[in-house]
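Per-entry structural report
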Amino acid sequence: MNHEPVLVEAVLEGLAPGRAASVVDCTFGRGGHTGAILSRMGPTGRVVAIDRDPDAVRAGRRLRDPRLEVVHSRFDALRGICGERDLTGRVDGVLFDLGVSSPQLEDPARGFSIRARGPLDMRMDPGEGEPLGAWLARVSERELAGVIARFGEERHARRIAGAIVRARPLETTTDLAAVVERAALARDAPIHPATRTFQALRIHVNREIECLEAALPAAVDVLRPGGRLAVISFHSLEDRVAKRFLRTESREVPGPRGLPSMRRPRLRIVSDRVRPSPDEVAANPRCRSAVLRIAERLPECGL
Ligand SMILES: C[S@@+](CC[C@H](N)C(=O)[O-])C[C@H]1O[C@@H](n2cnc3c(N)ncnc32)[C@H](O)[C@@H]1O
């Protein structure tokens, strides 16, 4: 199973990896972006690729490119990963291509699929944390509604949570999708009525927002001055996290009257909101909601 990388040209243009660059790909997946970045590098270039999914790591290690090291980890461990490799403050580019890969979505056994029957799991790393089914079996209706509302931005969260709780015990993804579909009352929408709920549950199971919030400051720490950070997100929630972070880090915090600035900006925004072209969306419909943001680390200036 393959994964078609999104916005590849824009990522290459934004990160502009030199022939001897050191780049960290925080979301290796099936290596689409890593491969494109390596193709721009010479023999002394280096990519440290991270993925929390052991299947992705296995696929990466099979590539046997001496310039590529694939690390099985969550990307919020970025500081430690770079520190152990003496890369802190020396990285030329950091990439996040958020969310799940096509092989994860399309393998029913991973439990992400709305349409293919599989276990209620949804963990990107099956060795970490609690599978969806175990959480669903014990969660209160109120907490479940909160997760569906917050991470799915689903208007019918309370009704859907009530329906799920009444339908317990649930065994498979398709059982869950059918319950949500009956409760969501959005059968005329262009997407499956359970899409937002499945997205919310996946984000919750994998602690996706917390990981991203912890990893973005770490990414700035590991970059060298002039190094670039690229973030591709696929829904408004994670894009909002990226947007707020980049805006905050690129703004000077003024000091009290007459005193110097409290905090100098650490980043300069290079591209605020790059979207795929209609041609790219036609060729790869999965990228229709992708948003790319790029920023550059500014030189330190003492306060
Ligand atoms: C959209 S795919 C990346 C695809 C990749 N850019 C490519 O071209 O093949 C996202 C990948 O990031 C991984 N991932 C998501 N969140 C992660 C996290 N917090 N830490 C490490 N890997 C993560 C997923 O397991 C998945 O393989």
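Residues numbered from 1 in each chain as written. Predicted model: local features only at pLDDT ≥ 70, side-chain atom pairs only at ≥ 80, totals over all residues. Heavy atoms only, no water.

**What about the pairing of strand S3 (residues 68-72)?**
Two elements, strand S2 (residues 46-51) and S3, share five bridges in a ladder whose sense is parallel. Each residue of the ladder has a partner; that of Val48, found in S3, is Glu69. (Pairing = 2+ DSSP bridges. Helix = DSSP H or I, 4+ residues; strand = E, 2+ residues; numbered from the N terminus.)

**Looking at the side chain of Glu238**
Topologically, Glu238 is positioned in helix H12 (residues 236-249). Arg202 provides the closest opposite charge to the buried, unpaired Glu238, separated from it by 5.0 Å. Once residues within four sequence positions are removed from consideration, Glu238 is found in contact with Leu98, Gly99, Glu208, Ile209, Leu212 and Ser233. (Buried < 20%, exposed > 50% of the residue type's maximum accessible area, 1.4 Å probe, protein only. Lys, Arg positive; Asp, Glu negative; His and termini not counted. Salt bridge = Lys/Arg side-chain N within 4 Å of Asp/Glu carboxyl O. Contact = heavy atoms within 4.5 Å.)

**Brief notes about the pattern of salt bridges**
Counted according to the given criterion, the structure contains 27 salt bridges. A salt bridge links Asp272 to Arg293, with the shortest nitrogen-to-oxygen separation between them at 3.3 Å. Separated by 21 residues along the polypeptide, Asp272 in strand S6 (residues 267-274) and Arg293 in strand S7 (residues 291-297) bring together distant segments of the chain. For Arg293, a relative accessible area of 3% corresponds to the buried category. Ionic contacts of the salt-bridge type, sharing partners, join the residues Arg52, Arg74, Asp76 and Glu128 into one network.

**Comments concerning the state of the cysteines**
In total, this model carries zero disulfides according to the counting rule given. The structure places no disulfide on Cys26, whose sulfur is separated from the nearest cysteine sulfur, that of Cys82, by 7.6 Å. (Disulfide = S-S within 2.5 Å.)

**Points about the domain arrangement of the chain**
Taken domain by domain, the chain consists of domain 1 (8-102 + 208-297) and domain 2 (125-205). Each of domain 1 and domain 2 was reduced to a C-alpha centroid, and the two centroids are 30 Å apart. The interface is formed by 13 residues belonging to domain 1 together with ten residues belonging to domain 2. Carbon and sulfur atoms make up 46% of the surface buried where domain 1 meets domain 2, a total of about 1000 Å² over both sides. (Domains from an automatic or database assignment. Buried area = accessible area lost by both parts, 1.4 Å probe.)

**Some points on the sheet that holds strand S4 (residues 91-97)**
Sheet architecture is open: seven strands sit in the order S3-S2-S1-S4-S5-S7-S6, paired in mixed fashion. Each edge of the open sheet is held by one strand with a lone partner, namely S3 and S6. Between one strand and the next, the sheet's axes are offset by a mean angle of 15°, whatever the strand orientation. Judged from the five bridges that link them, S6 and S7 form a sheet pairing that is antiparallel. Residue pairing in the sheet places Ser271 in a bridge with Ile294 of S7. Its contacts with the sheet place helix H2 (residues 32-40) against strand S1 (22-25), S2, S3, S4 and strand S5 (223-233), and it is angled at close to 175° to S2. Across the sheet, helix H11 (residues 208-222) touches S4, S5, S6 and S7, and the angle it forms with S5 is around 150°. (Axes fitted to C-alpha atoms, helices over the stretch in contact; angles between N-to-C directions.)

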